[in-house]
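Here is what each chain is made of, one letter per residue.
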Amino acid sequence: MKNLKIITTLIPLGLLLFVLTNCGRNYSRTIDRAYGLVDTAPDSALALLSGISHERHGHETARYALVYTIAQDKSGWDVDDDSLLRVAYAYYGDKPDDSLYAKCQYYMGKYYMLSDSSEKAIGCFQKSIKAAQTCGDQYTQCLGLEKLAHPTNPVECCADANPKTMLPNDT
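Remember, it's a predicted structure, so these values are computed and weren't measured experimentally.

Would you take a moment to explain the packing of helix H6 (residues 118-135) against helix H7 (residues 138-149) for this structure?
Helices that pack against each other are described as a pair by the angle of their axes relative to one another and the distance between those axes. Between H6 and H7, whose axes approach to 8 Å, the crossing angle comes to 150°. The angle between H6 and H7 falls in the class roughly antiparallel. For the element pair H6 and H7, the recorded crossing hand is left-handed. In this structure, H6 uses Ile-122, Phe-125, Gln-126, Ser-128, Ile-129, Ala-132 and Gln-133 to contact H7, whose residues at the interface are Thr-140, Gln-141, Gly-144, Leu-145, Lys-147 and Leu-148.

Structure, rendered in structure tokens:
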């Protein structure tokens, strides 16, 4: 009788422990799968990420936030709401050796660029380029360089230009 009581107590506790530990692994695996799809099938990555809760803390929440932001961008959405991205930015901001730091800085730079905060955007792009170069991420490095090379408002940048100097010389 005593053994039966112990067994009936241990079985639900064991199941609960199994479910809790397995959910954490599934959460991480889902983010990994979404990150793998983000370049080729960003809409599928968004669907995967939408199926899980992002109410976690630390590393996993930051990864979720960054991968979700990347998937939105790759799907053609402007990253004009920084609520999720700020979670990643706060986490990765002091981790320049992390493999996702460069991407986080790049996407925060894009957000700042869309929000007309050019100085902040340039700072993020410069950090992104440096970190990407350090870790050998040429793709993110090129994205950052491209953003720095093209002004956000070409008309404003060319307002003081003399049109006569831009035309070919007819003489």
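So what exactly am I meant to see when it comes to the packing of aromatic side chains here?
The geometry of an aromatic ring pair is captured by the separation of the ring centres together with the interplanar angle, meaning the angle of the planes. For the structure on display, the rule yields five aromatic pairs. Between Tyr-64 and Tyr-68, the ring centres sit 5.8 Å apart and the planes meet at 25°, which makes this aromatic pair stacked. Taken together, the positions of Tyr-64 and Tyr-68, both in helix H3 (residues 59-74) and four residues apart, correspond to about one turn of that helix. Taking 4.9 Å as the distance between ring centres and 85° as the angle between the ring planes, the aromatic pair formed by Tyr-106 and Tyr-107 counts as edge-to-face. In this structure, Tyr-106 and Tyr-107 share a single accessibility class: buried. Ring pairing ties together the aromatic residues Tyr-106, Tyr-107 and Phe-125, which thus form one cluster. One Lys or Arg, Lys-95, reaches over the ring of Tyr-91 and ends 4.3 Å from the middle of that ring.

Help me understand the environment of Val-38, please; the structure alone is not making it clear to me.
Along the polypeptide, Val-38 turns up in the loop between helix H1 (2-37) and helix H2 (42-50). Residue class for Val-38 comes out buried when judged on its relative accessible area of 2%. Taking C-alpha positions, Val-38 is 7.5 Å from Val-67, a pair spaced 29 residues apart along the chain. In contact with Val-38, not counting residues within four places along its chain, are Ala-45, Val-67, Ile-70, Ala-71 and Lys-74.

Would you explain the environment of His-59 in this entry?
Its place among the elements puts His-59 in helix H3. On a C-alpha basis, the gap between His-59 and Val-87 in space is 9.9 Å, while along the polypeptide they are 28 residues apart.

What is the right way to look at H2 in this model?
Working note: α-helix, 3.6 residues per turn, so residues spaced by three or four point in the same direction. Within the span of H2, buried status applies to Pro-42, Ala-45, Leu-46 and Leu-49. For H2, the arc enclosing every buried residue in end-on projection is 100°, short of the 170-degree limit, so these residues lie on one face. Turned more than 90 degrees off the buried face of H2, the exposed positions are Asp-43 and Ala-47.

Cut-offs used in this document
Residues numbered from 1 in each chain as written. Predicted model: local features only at pLDDT ≥ 70, side-chain atom pairs only at ≥ 80, totals over all residues. Heavy atoms only, no water. Axes fitted to C-alpha atoms, helices over the stretch in contact; angles between N-to-C directions. Helix = DSSP H or I, 4+ residues; strand = E, 2+ residues; numbered from the N terminus. Parallel < 35°, antiparallel > 145°, perpendicular 65-115°, else oblique. Left-handed = near helix turned anticlockwise from the far one by under 90°. Contact = heavy atoms within 4.5 Å. Phe/Tyr/Trp six-rings, centres within 6.5 Å; stacked < 30°, edge-to-face > 60°. Buried < 20%, exposed > 50% of the residue type's maximum accessible area, 1.4 Å probe, protein only. Lys NZ or Arg CZ within 6 Å of the ring centre and 35° of its normal. Arc of directions from axis to C-beta.

Shape descriptors only; they carry no functional weight alone.
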